[in-house]
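Now for the letters of each chain:
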Amino acid sequence: MVSVVRFERSVADSILSYSIHAYPKEGILLLRGKASKDEVLITDVLIPPLATHGRGFSGFSSFMLTMDLSVIGISHSHPSGALRPSIHDLNHFYGKLMVIAAYPYESYNNIGVFNSHGEKLPHEVVPDSPNSGT
Ligand SMILES: [Zn+2]
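Residues numbered from 1 in each chain as written. Predicted model: local features only at pLDDT ≥ 70, side-chain atom pairs only at ≥ 80, totals over all residues. Heavy atoms only, no water.

A.B. asks: Tell me about the environment of Val125, and please be specific about residues and values.
C.D. replies: Of note, Val125 is situated in strand β8 (residues 123-126). Between the alpha carbons of Val125 and Ala12 there is a distance of 7.1 Å; along the sequence they are 113 residues apart. With near-sequence residues (within four places) excluded, Val125 lies in contact with Phe7, Arg9, Ala12 and Tyr108. (Helix = DSSP H or I, 4+ residues; strand = E, 2+ residues; numbered from the N terminus. Contact = heavy atoms within 4.5 Å.)

In structure tokens:
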């Protein structure tokens, strides 16, 4: 069970800026990182190979099943401002965690992390690691 999720600062900033860019549509990013038994460190975001702006989350996540296994979760934005997964989101959960960025995407408080049961996980933003590719 994941008990804490850490974002490298550049990752958290990318999630917010990508969400702003996608607004008023939903923006989707793939998350890569390192997972141990109870901690996750998210070190990279990737823009999905298929442009899915406005197509919604569900069509994308089925595609994800064939994707890179180093992807530990998906981030998507909620232009509605709801900082929680919908039932629909939970039915298409992928990986270890789901990240939701809620409008207005102004601060790290607009980012929420959830497990496959829709329970909120504690998260924090940490400095980028020195060897990070970003
Ligand atoms: Zn959603």
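A.B. asks: Which residues make up the coordination of the zinc ion, and what are the values?
C.D. replies: Only His76 (NE2), His78 (NE2), Asp89 (OD) and Asp89 (OD) from the protein coordinate the zinc ion, and they sit 2.1 to 2.5 Å from it. One way to put it: the four donor atoms around the zinc ion meet at angles of 55 to 152°, and that makes the site irregular. Motif for the zinc ion, donor spacing along one chain: H-x1-H-x10-D. Pair noted here: His78 is in strand β4 (residues 71-78) and Asp89 is in helix α3 (residues 87-91), with a separation of eleven residues, a long-range link. (Donors = N, O, S within 2.8 Å, 3.2 Å for Na, K, Ca; no water. Tetrahedral: all angles 85-135°; square planar, octahedral: opposite > 155°, others 65-115°.)

A.B. asks: Explain the pairing of strand β1 (residues 4-8) to me, and be specific about the residues and the numbers.
C.D. replies: The buried fraction of β1 is high, at four of five residues. Where β1 lies against strand β3 (residues 39-46), four bridges are found, and the strand directions are parallel. Pairing of Arg6 across the sheet is with Leu41, part of β3. Inspection of the sheet shows β1 paired to β8 by four bridges, in the parallel sense. Counterpart to Val5 in the pairing with β8 is His123. (Buried < 20%, exposed > 50% of the residue type's maximum accessible area, 1.4 Å probe, protein only. Pairing = 2+ DSSP bridges.)

A.B. asks: If you had to explain the sheet that holds β1 to someone new, which residues and values would you point to?
C.D. replies: Taken together, the eight strands give an open sheet; going across it, the order is β7-β6-β5-β4-β2-β3-β1-β8, and neighbouring strands pair in mixed fashion. In this open sheet, the two edge strands, each paired with only one partner strand, are β7 (120-121) and β8. Along the sheet, helix α1 (residues 9-22) makes contact with β1, β2 (28-35), β3, β4, β5 (97-102), β6 (111-114) and β8, crossing β1 at roughly 80°. (Axes fitted to C-alpha atoms, helices over the stretch in contact; angles between N-to-C directions.)

A.B. asks: Please provide a residue-by-residue account of unusual backbone geometry, values included.
C.D. replies: In this model, Tyr23 is joined to Pro24 through a cis peptide bond whose omega is 10°. With respect to the element layout, Pro24 can be found in the loop between α1 and β2. At Tyr105, a residue that is not glycine, the phi angle is positive and equals roughly 55°. Position of Tyr105 relative to the elements: it lies in the loop between β5 and β6.

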